[in-house]
Amino acid sequence: MENAFPPQGTRIHGGPDRHGAALHDFSTNSNACAPCPAALQAVRQADASQYPDASYTALRGQLADFHGVDAARVVLAGSASEFIFRITALAAQTAGEGSAVGLPPHSYGDYAQAARAHRLTLASEPGQAQLLWACEPSSPLGAAHAGLGAMADACAAKAMLVLDRAYEPLRLSGSPSLGKAQLQTVWQLWTPNKALGLTGVRAAYAIAPVGAQAQVFQLDQLSASWPVGAHGVALLQAWTEPGVQAWLADSLNTLRDWKARQIALCESMGWFCLASDANFFCARPALPEGLSLQQALDQLRSHGIKLRDTASFGLPGHVRISVQPPLAQDALRVAWQT
């Protein structure tokens, strides 16, 4: 068992930075066709003068019906990151000293950050972990999680296996590794704000495995009151509406066309693009002689274009690029040639 996590530093995220919002932002995986009009209207009409129902009875019921599960299995969260920290706290409390977490080779930094905060060690093998993280389509690669099916079958009874499904609604190709029966044995973490293009609204939820009532109760005890505000409630309720789901399905067709164009554009600049099933992919840019990747990204940022360096994901020399409209793609090409 290993005790060493990747080096800790400043938390790195896509989206606005100290310079504000980029004119053409390829650094965040939000749906570039968005915001979803119906979801945006629901958020704008939310009544922020009232507390939400502290038990979120109606919202839990809507999400449960949407997924075809019992409402008692729905755990609301202030965001995916909030849930990551809360379930990590539960793992640390349950397993006690010496508990360990299993991480994908390349993954969202908050998994490791939460483990550090709760003094979990890093497991070298899935069977050594009390908490296991998987993400599919993965970030930053947008690919399948290798061996996920076998891991679910082998580890779900011994450890909490959390499948981060933030990008499942933005899947453009491929299919999930887990079948319906296997999904009932793992925790599923959903973050609809990316698919709807409303990432500024912080709201998420998880679906507990069958038979995890005790853990659901413990997570509720670890939660602050009203983890989701009125605007988050409105977003999650809109997420379950047929019209919103129809809009999302239409947007995926557009994103597929934009993705094919964007990959062709990147390859025309000499970039090597990695395969991806999602609305984003990783690429290794062909850097001009004498220019580092960070210098190139800084110059692009000065032109109003932001890409995500994947070094923080453990993938140096590459960038993660979300699929953007042709106008933004052309701006990237012009700026790169300049």
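- For the protein, an unreviewed UniProt entry supplies the name histidinol-phosphate transaminase and the organism Polaromonas hydrogenivorans.
- In the Catalytic activity (unreviewed entry) part of its UniProt record, the protein is described as follows: "L-histidinol phosphate + 2-oxoglutarate = 3-(imidazol-4-yl)-2-oxopropyl phosphate + L-glutamate".

## Notes on the overall build of the protein
Then, in step 1: Check the secondary structure of the protein and you find 12 helices and 13 strands.
Then, in step 2: On C-alpha atoms alone, the protein measures out to a radius of gyration of 20 Å, which is about the 20 Å that the 2.2 N^0.38 rule sets for 338 residues.
Then, in step 3: With the C-alpha coordinates aligned to their principal axes, the bounding extent of the protein is approximately 60 × 50 × 35 Å.
Then, in step 4: By residue count, 52% of the 338 residues in the protein fall in the buried class.
Then, in step 5: In the protein, 77% of the contacts between residues at least 6 apart in sequence involve partners at least 24 apart.
Then, in step 6: Accessible surface, the protein: about 15100 Å² in total, of which carbon and sulfur atoms supply 53%.
Then, in step 7: Once the 23 positive and 25 negative side-chain charges of the protein are each reduced to a mean point, those two points are 3 Å apart.

## Comments concerning the sheet that holds strand β5 (residues 131–135)
Then, in step 1: Strand order in the open sheet formed by seven strands is β2-β8-β7-β6-β5-β3-β4, and the pairing between neighbours is mixed. The outermost strands of the open sheet, each flanked by one partner alone, are β2 (74–77) and β4 (121–122).
Then, in step 2: Summarising the sheet, strand β7 (residues 187–190) and strand β8 (residues 204–207) pair through three bridges and their orientation is antiparallel. Among the inter-strand pairings, Gln-188 is bridged to a residue of β8, identified as Ile-207.
Then, in step 3: Sheet contacts for helix α2 (residues 57–67): β2, β7 and β8; angle to β2, the most-contacted strand, approximately 120°.

Quick notes on the rules
- Residues numbered from 1 in each chain as written.
- Predicted model: local features only at pLDDT ≥ 70, side-chain atom pairs only at ≥ 80, totals over all residues.
- Heavy atoms only, no water.
- UniProt positions renumbered as here; feature names shortened; annotations may be inferred.
- Helix = DSSP H or I, 4+ residues; strand = E, 2+ residues; numbered from the N terminus.
- Rg over C-alpha atoms; globule rule 2.2 N^0.38 Å.
- Buried < 20%, exposed > 50% of the residue type's maximum accessible area, 1.4 Å probe, protein only.
- Contact = heavy atoms within 4.5 Å.
- Areas by Shrake-Rupley, 256 points an atom, 1.4 Å probe, with all protein chains shown as cover.
- Lys, Arg positive; Asp, Glu negative; His and termini not counted.
- Charge placed at Lys NZ, Arg CZ, Asp CG, Glu CD.
- Pairing = 2+ DSSP bridges.
- Axes fitted to C-alpha atoms, helices over the stretch in contact; angles between N-to-C directions.

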